[in-house]
Amino acid sequence: MNIKAITFLKNFSYTLSSNLIAITISTIVILVVPKFIGVEKYGYWQLYLFYSAYVGFLHFGWNDGVYLRYGGKEYKELNKDLFFSQFWMLVIFQALMSILILVVATNLGIEANKLFIVKMTALCMIFVNIRLMLIYILQITNRIKEYAYITLMEKVLYCFIIILLLFVGVSDYKLLILADIVGKLVSLIYSVYCCRDIVFKRVSQFYFSIKETSENINVGLKLMFANIASMLIIGIVRFGIERTWDVTTFGKVSLALSVSNLMMLFINAIGIILFPILRRTDENKLSAIYITMRTLLMVFLLGLLGVYYPLKNILTFWLPQYTESFYYMAILFPICIYEGRMALLINTYLKTLRKEKLILTVNIVSMLLSCILTILFTIVFKNLHITIVTIVIILAFRCVLAEVYLSRILDFSYYKDLLYEKVLVLTFILIGLYVNSLIGITLYLSAYGLYLFINRKNIIGAYIVLKQYIRG
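So, here is what we can say about the structure in this document. (Residues numbered from 1 in each chain as written. Predicted model: local features only at pLDDT ≥ 70, side-chain atom pairs only at ≥ 80, totals over all residues. Heavy atoms only, no water.)

## Structural notes on the layout of surface pockets
The condition is simple: A cavity here means a set of 1 Å grid points, computed over protein atoms only, where a 1.4 Å probe fits but cannot escape. A pocket is an open set with protein on both sides within 12 Å along at least 5 of 7 lines, and lining residues have an atom within 4 Å of a point. Grid points are joined across faces, edges and corners, and a volume is the space filled by probe spheres set on the points. Strands are runs of DSSP state E lasting at least two residues, helices are runs of H or I lasting at least four, and both sets are numbered from the N terminus onward. Ten residue types, Ala, Val, Leu, Ile, Met, Phe, Trp, Tyr, Cys and Pro, are classed as nonpolar, four, Asp, Glu, Lys and Arg, as charged, and the remainder, Gly among them, as polar.
For the second largest pocket, the calculated volume is near 270 Å³. Looking at the second largest pocket, it is lined by 20 residues, and the ones nearest its centre are Ile291, Thr295, Ser413, Asp417 and Asn458. Elements that contribute at least two residues to the lining of the second largest pocket include exactly helix H12 (286-304), helix H18 (415-434) and helix H20 (456-471). The element best represented in the lining of the second largest pocket is H12, accounting for 6 residues. For the lining of the second largest pocket, the class distribution of residues is 10 nonpolar, 6 polar and 4 charged.

## Focus on the pattern of salt bridges
Counted only if it meets this: Counted as salt bridges are all cases of a side-chain nitrogen of Lys or Arg within 4 Å of a carboxyl oxygen of Asp or Glu. Exposure is judged per residue with a 1.4 Å probe applied to protein chains only, and the accessible area is read against the type maximum: over 50% gives exposed, under 20% gives buried, and values in between give partly exposed.
If you walk through the whole model with that rule in mind, you get 16 salt bridges. With a shortest N-O distance of 3.7 Å, glutamate 242 and arginine 243 are connected by a salt bridge. Across the salt bridge formed by arginine 398 and glutamate 339, the nearest N and O atoms sit 2.3 Å from each other. Of this pair, arginine 398 sits in helix H17 (residues 384-410) while glutamate 339 is found in helix H15 (residues 335-352), placing the two residues 59 residues apart along the sequence. The class of arginine 398 is buried, set by a relative accessible area of 2%. Given a relative accessible area of 16%, glutamate 339 falls into the buried group.

## Points about unusual backbone geometry
The backbone phi angle of phenylalanine 60 is positive, close to 55 degrees, even though this residue is not glycine. Looking at the element boundaries, phenylalanine 60 is found in the loop between helix H2 (39-52) and helix H3 (62-70). Its relative accessible area of 32% is what places phenylalanine 60 among the partly exposed residues. At aspartate 411, a residue that is not glycine, the phi angle is positive and equals roughly 60 degrees. In this fold, aspartate 411 is placed in the loop between H17 and H18.

## Concerning the nonpolar core
Looking at soluble globular proteins, one finds that nonpolar side chains tend to be buried together. Note the cut-off: To form a nonpolar core, buried Ala, Val, Leu, Ile, Met, Phe, Trp, Tyr and Cys residues must be joined to one another through side-chain atoms within 4.5 Å. Contact between two residues is taken to exist if any of their heavy atoms lie within 4.5 Å; hydrogens are not considered.
With 147 residues, the main nonpolar core has Val33, Trp45, Ile162, Leu302, Ile337, Tyr349 and Tyr444 as its most contacted residues. The leading source of residues in this core is helix H5 (residues 112-140), at 17 residues. With residues up to four places along the chain from it excluded, the contact list for tyrosine 349 reads Leu278, Leu286, Ile289, Tyr290, Leu406 and Leu410.

Below, the structure written as structure tokens:
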């Protein structure tokens, strides 16, 4: 096994272990919290998670520019004085942004519960965006072990505090939000320790590096807007549900989305390792690597859909008041197919090829489609079920559109595979909605087995190529 493969496997083991623990913790939080805090309080808690998911965009691409411009470099190659100044400029900027949000929110006359959520979101923004620069520095320089510890530290502490609160009988959603804040603060402190030679220098070494900042923002702004558009694809639909129906319905749909997105933690972990490796790879090899990874990834993700049937029974027994959520989950579960392929392969490759403008274009088109369909089905027709179906349709559209462009850049064909995958996903949804679990899993696994048989040559070929890469 060659050195690159060994390094990859070591980094993968760090991210895999930390993300498996993160998945376990997220599962515990997702399943335990709604059991004890009630549907309305759960809705407010989900609202905070919804708002806080967008705070990463209030650095206006600054961190994304660092990620794209310096991806693939060694940590020792970085200009520490320059990054020291960049870090503290970001700290000052985020503090000012947070104060602005607090002043505006306080003077808008927002309802008390939502005002509290906005204030906590502003505080969350400072911790998240400052930590993000340090996390990106660790990722792009392949210091995956430290990154994994930071991720793990936040999740473990967050889960511990929540379980402790519920154990002593405290079910106030405000304290659950504070638990999230504490987890982010402690992990920020550790990330500062990991990059202490960047964060802590003499004041005399600080300078306002306006040119560096503008270059980072200029490069990162496209990726930031692409990420905003990406989150708004589902966010607009969720916002439409929250406005048209009530916070209880919003909480039930959010639970279905949360369970469906659990595997994304695992997928994102691989993408984090892959980016700096691909930046150092010969462009002539990128197409062959893509085809191999795509084939094996789809075998894994399509097989993963079979987990839905036993999972639905377990969740229905554990959370009977959320039975409606698990009906929605039959529709939403396939989003792991499209989000997984986008996060692990398509976006990682487009970033490697510095096609962030293309990522932005695809995400904006998909966001506009989301906006049109949300208005149509939440305001005009007011149909919740069709509104939820549109989430899968939009994500599938975005994935196919982006891969069409990428296939032209890398010069490969995949349309036959795409047809098989679409048929299998549609089969899964129809079985999940209209057939009971025992018969359902039998029917889906039969369809999945047929898919494997039809694609057996491609799968075996991809496995052989993967073994060759590992051997060097």
